[in-house]
Amino acid sequence: SQTIHQWPATLVQPVGSPLSLECTVEGTSNPNLYWYRQAAGRGLQLLFYSVGIGQISSEVPQNLSASRPQDRQFILSSKKLLLSDSGFYLCAWSAALEQYFGPGTRLTVT
Amino acid sequence: RKEVEQDPGPFNVPEGATVAFNCTYSNSASQSFFWYRQDCRKEPKLLMSVYSSGNEDGRFTAQLNRASQYISLLIRDSKLSDSATYLCVVNRGDYKLSFGAGTTVTVRA
């Protein structure tokens, strides 16, 4: 069966610091991968998606970036965090239309 | 207009009651629809996929009305464990999904 891992689970970072969140998927090959952010009391906002190694599409302009160095690894990064980057970051995978989420990373920028 | 709109609730219902709520979507070309469940501070989990006019899974029934562009979710014989936020999700095409902000359901003893 497929499993998806995210780490860290929680993170508190100062404004201006860098960020690296990692997501890995097991039990499937060539999945579509997604990064979402959920702000408090808000819906999920799609940040990036990837259909293959090195193929990244950005949904919204921001100070975040994503990379897919391996088939089942998806990384979300920032060089300098803003207060507005706080939120719940979720990675998801799909093989068809349904998407399955990892446990998420709760980021607080102070 | 938002792509997916939901009544945020909360819907407070006693155990054993039936609760139903709707979601509307703006893209008439959408073909696939889903309901996800999200517990507090947890990730969303797929509850049901809705590919035709509707489907039923145990106590949960989803219905799709393409003419009016809405999807409904009905929960029968509510359990305390059904307390959660229910996210309405619509396929945008190109393997991307649009999420509603969620409807909160609280089942009380």
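Every value quoted in this text rests on a predicted model; they were computed, and no experiment measured them.

A. Expanded view of the sheet that holds strand β3 (residues 19–26) of chain A. Residues and elements named next belong to chain A. Across the sheet, 4 strands lie side by side as β1-β3-β8-β7; this open sheet has antiparallel pairing. Of all the strands in the sheet, just β1 (3–7) and β7 (64–70) have a single pairing partner and so form its edges. Recorded for the sheet is a direction-independent mean angle of 20 degrees between the axes of neighbouring strands. Bridging between β3 and strand β8 (residues 73–78) involves 6 bridges; their strand directions are antiparallel. Each bridged residue has a counterpart across the sheet, and for Leu19 the counterpart in β8 is Ser78.

B. Focus on the side chain of Gln38 of chain B. Assignment of secondary structure puts Gln38 of chain B in strand β4 (residues 33–38). Assessed through its relative accessible area of 8%, Gln38 of chain B is described here as buried. Sequence-distant contacts of Gln38 of chain B, that is, excluding residues within four places in its chain, are made with Gln38 and Phe88 of chain A together with Glu43, Pro44, Ala84, Thr85 and Leu87 of chain B.

C. Structural view of the pattern of salt bridges. Under the counting rule described, the total for this entry stands at 9 salt bridges over all chains. One salt bridge connects Arg92 of chain B with Glu59 of chain A, and the closest N-O pair in it is separated by 3.0 Å. Of this pair, Arg92 of chain B sits in strand β9 (residues 84–93) while Glu59 of chain A is found in the loop between β6 (55–58) and β7, placing the two residues in two different chains. A salt bridge links Asp71 of chain A to Arg68 of chain A, with the nearest nitrogen and oxygen atoms 3.3 Å apart. Linked through salt bridges whose partners overlap, the residues forming this network are Glu59 of chain A together with Glu3, Arg92 and Lys96 of chain B.

D. How the structure looks around the sheet that holds strand β8 (residues 70–75) of chain B. All names here are of chain B. The antiparallel open sheet is built from 5 strands, whose spatial order is β1-β3-β8-β7-β6. Every interior strand has two partners, whereas the edge strands, β1 (4–6) and β6 (54–57), have only one. Between one strand axis and the next, the sheet turns through 15 degrees on average, direction left out of account. Where strand β3 (residues 19–25) lies against β8, 6 bridges are found, and the strand directions are antiparallel. Counterpart to Ala20 in the pairing with β8 is Leu74.

E. Geometry of the packing of aromatic side chains. A full pass over the atoms with the stated rule returns 13 aromatic pairs over all chains. Relative to Phe101 of chain A, the ring of Tyr36 of chain A has its centre 5.5 Å away and its plane inclined at 50 degrees; by these criteria the two rings are tilted. A residue pair is termed long-range when its members are at least 10 positions apart, and Tyr36 of chain A in strand β4 (residues 32–38) and Phe101 of chain A in strand β10 (residues 100–101) qualify at 65 residues. Just as Tyr36 of chain A is buried, Phe101 of chain A falls in that class too. Aromatic ring contacts, followed pair by pair, group Tyr34, Tyr36, Tyr49 and Phe101 of chain A together with Tyr36 and Phe99 of chain B into a single cluster.

F. The interface of chain A and chain B, seen in detail. Each partner contributes to the interface: chain A provides 20 residues, whereas chain B provides 20 residues. Across the chain A to chain B interface the summed buried area is about 1700 Å²; carbon plus sulfur atoms make up 56%. The salt bridge partner of Lys96 of chain B is Glu59 of chain A, with a shortest N-O separation of 3.1 Å. Where chain A meets chain B, there are 7 residue pairs in polar contact (both at pLDDT 80 or more). Within the residue set of the side of chain A that touches chain B, elements represented by two or more residues are β4, β5 (44–52), β9 (87–94) and β10 of chain A. Of all the elements, β4 of chain A adds the most residues to the side of chain A that touches chain B, at 4 residues. Considered class by class, the residues forming the side of chain A that touches chain B number 12 nonpolar, 5 polar and 3 charged.

About the cut-offs
Residues numbered from 1 in each chain as written. Chains lettered and ligands numbered in written order. Predicted model: local features only at pLDDT ≥ 70, side-chain atom pairs only at ≥ 80, totals over all residues. Heavy atoms only, no water. Pairing = 2+ DSSP bridges. Helix = DSSP H or I, 4+ residues; strand = E, 2+ residues; numbered from the N terminus. Axes fitted to C-alpha atoms, helices over the stretch in contact; angles between N-to-C directions. Buried < 20%, exposed > 50% of the residue type's maximum accessible area, 1.4 Å probe, protein only. Contact = heavy atoms within 4.5 Å. Salt bridge = Lys/Arg side-chain N within 4 Å of Asp/Glu carboxyl O. Phe/Tyr/Trp six-rings, centres within 6.5 Å; stacked < 30°, edge-to-face > 60°. Buried area = accessible area lost by both parts, 1.4 Å probe. Polar contact = N/O pair within 3.5 Å; in protein donor to acceptor, adjacent residues only side chain to side chain. Nonpolar A, V, L, I, M, F, W, Y, C, P; charged D, E, K, R; others polar.

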